[in-house]
Amino acid sequence: MRIKNLAPNYLDNKIIDQIEIKLRAANHDNIGNPMVFETCELVREELAAINDEVVDKFNGIIRAKEQ
């Protein structure tokens with residue numbers, strides 16, 4: 001799986017690499033079990049965390065431009 005960072009101003013590529021590592025480890029731990037739900041939950045949690053970070057940084061930029 002490859003993920004391309006289209007928002008380098010808001011996200012660090014290291015974060016994307018860490019998520020990929022977490023996904024691989026979780027899938028490896030769940031071999032033999034139904035892992036679709038575990039994988040989806042992990043992706044949802046990581047996306048929510050990234051979204052919060054991006055929104056915070058974006059709001060900071062908007063505030064800086066307004067001042």
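Described in the following lines is the structure provided in the data block. None of the values given here were measured: they were computed from a predicted structure.

## Some words on the overall build of the chain
For the chain, the helix and strand inventory stands at two helices and zero strands. Within the chain, the proportion of its 67 residues that are buried is 16%. Of the roughly 5,600 Å² that the chain leaves accessible, carbon and sulfur atoms contribute 57%.

## Regarding the side chain of Thr-39
Mapped onto the fold, Thr-39 is located in helix α2 (residues 36–66). We classify Thr-39 as buried; its relative accessible area is 19%. Setting aside anything within four residues of it in sequence, one finds Thr-39 in contact with Leu-23 and Asn-27.

Conventions used here
- Residues numbered from 1 in each chain as written.
- Predicted model: local features only at pLDDT ≥ 70, side-chain atom pairs only at ≥ 80, totals over all residues.
- Heavy atoms only, no water.
- Helix = DSSP H or I, 4+ residues; strand = E, 2+ residues; numbered from the N terminus.
- Buried < 20%, exposed > 50% of the residue type's maximum accessible area, 1.4 Å probe, protein only.
- Areas by Shrake-Rupley, 256 points an atom, 1.4 Å probe, with all protein chains shown as cover.
- Contact = heavy atoms within 4.5 Å.

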